[in-house]
There are 2 protein chains.
Amino acid sequence: MRALHHPDVSTVALPSVLNALADEVRLMVVRQLAEAGGVVCGQFDVPVSMSTLSHHLKVLREAGILRVTPQGSFRRHELRLPEMEARFPGVLTSILQATP
Amino acid sequence: MRALHHPDVSTVALPSVLNALADEVRLMVVRQLAEAGGVVCGQFDVPVSMSTLSHHLKVLREAGILRVTPQGSFRRHELRLPEMEARFPGVLTSILQATP
DNA sequence: TCAGGATTTCGATAACGGTCGAATTGTGTG
DNA sequence: CACACAATTCGACCGTTATCGAAATCCTGA
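Please read these numbers as outputs of a predicted model, since none were measured by experiment. (Residues numbered from 1 in each chain as written. Chains lettered and ligands numbered in written order. Predicted model: local features only at pLDDT ≥ 70, side-chain atom pairs only at ≥ 80, totals over all residues. Heavy atoms only, no water.)

**Student:** Whenever I open this one, the relation of the copies chain B and chain A confuses me. Can you help?
**Tutor:** Note: a rotation about an axis with an accompanying shift along it relates these two copies of the chain. Laying chain B over chain A is done by rotating through 180° and shifting 0.1 Å along the axis; what remains is an RMSD of 0.1 Å. On the angle and the small slide along the axis, the relation comes out as a two-fold axis. (Least-squares fit on C-alpha atoms with pLDDT ≥ 70 in both.)

Following this line, the structure appears as C-alpha cells:
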C-alpha cells in the first residue's frame, strides 16, 4: 500500500490544527479515536459516506492529529497525542475533555 | 448605537469556537486582546481592510469569544475569558499559550 | 491469478467564507 | 444642522471545502 504522508508536528501551524478540529464529523472521529485507541476506517460511527470519511481522515492526518498504519488490507488510525501535546500543550487534550 | 448580540456561552458549540479560532487574522486579534485587554476596533494591527476586520470581529463575537461595549463613537473589545474558561476549560487558554 | 472487500481518488456540485470597495449607520462636535 | 470620524453592512468576486457516487487502487485468500 502506498506510503502515506505524515507531517512532522513541528511544521504544522496552529490554525491548521484548529481548522481540522472545527468540524463536527472530524470531532466525532477524534473522540472515537481517543476512546478506542486504534480504529479501522470502516468502524467509525459517522453520518457520512465512506469517501467523505476518507477525506476527513486525510484532513486530520495532514494536520498531524492522527497517524495511519496499514495492517493488511485495513488501515489503523490512532491519535498522535504525545506529539501534539508537546507541540501545542493542552490544546488537543482540553478539546477532548470539552466533549462528551 | 444598535444593541450587539452576545450569545450565552452555554449555547455556543465547540466547533463554532474552534472555527472562529482557526483563522490567522482572528488569532492575531485574540492575541492582541489577551495582551492589551480592551482594544478599540481601529487599533488592531492586522493586515486586512477595516470591513474585513469587522467581519472577523463578528465571527469571534458570535462564537462567544469576545464582548463589544460601545464607548462613545468607539467600540471596546475584550475577551470573555472567564466565561469561555468555564464552558470549555483550558481550550482558549491553551490556544493563547501556544502562540508567541 | 482471480475475486472480493477495504479504502482512496476522481469528477462534479453546491455551499461556505475571506476579501475588498462602496454605501450606510451611528456618535460626537462645531 | 452639517460635518467628520468610527465601525458595520452590502454586494460582488473567487478560492476553498464538504459531500456524494463511480471508478481506481491495494491487499488477502482461494
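**Student:** Would you mind going over the environment of A:Phe44 with me for this structure?
**Tutor:** All names here are of chain A. Among the secondary structure elements, Phe 44 is positioned in the loop between β1 (39-40) and α3 (50-62). C-alpha of Phe 44 to C-alpha of Met 84: the two residues are 40 residues apart in sequence and 22 Å apart in space. In contact with Phe 44, other than residues within four places in its own chain, are Val 29, Gln 32, Leu 33, Val 39, Leu 53, Leu 57 and His 77. (Helix = DSSP H or I, 4+ residues; strand = E, 2+ residues; numbered from the N terminus. Contact = heavy atoms within 4.5 Å.)

**Student:** Just checking my understanding: could you explain the pattern of salt bridges for this structure?
**Tutor:** One side chain can pair with another of opposite charge once the charged atoms of both are near each other. Residue and element names in this part refer to chain A. For the coordinates displayed, the defined rule picks out eight salt bridges over all chains. Between Arg 76 and Glu 78 there is a salt bridge, with its nearest N and O atoms 3.1 Å apart. Classification of Glu 78 as partly exposed rests on a relative accessible area of 22%. Between Glu 83 and Arg 80 there is a salt bridge; the shortest N-O distance is 2.8 Å. On the basis of relative accessible area, Glu 83 is assigned to the partly exposed category, the value being 26%. Since its relative accessible area comes to 5%, Arg 80 is described here as buried. Each of Arg 67, Arg 80 and Glu 83 takes part in one network of salt bridges that share partners. (Salt bridge = Lys/Arg side-chain N within 4 Å of Asp/Glu carboxyl O. Buried < 20%, exposed > 50% of the residue type's maximum accessible area, 1.4 Å probe, protein only.)

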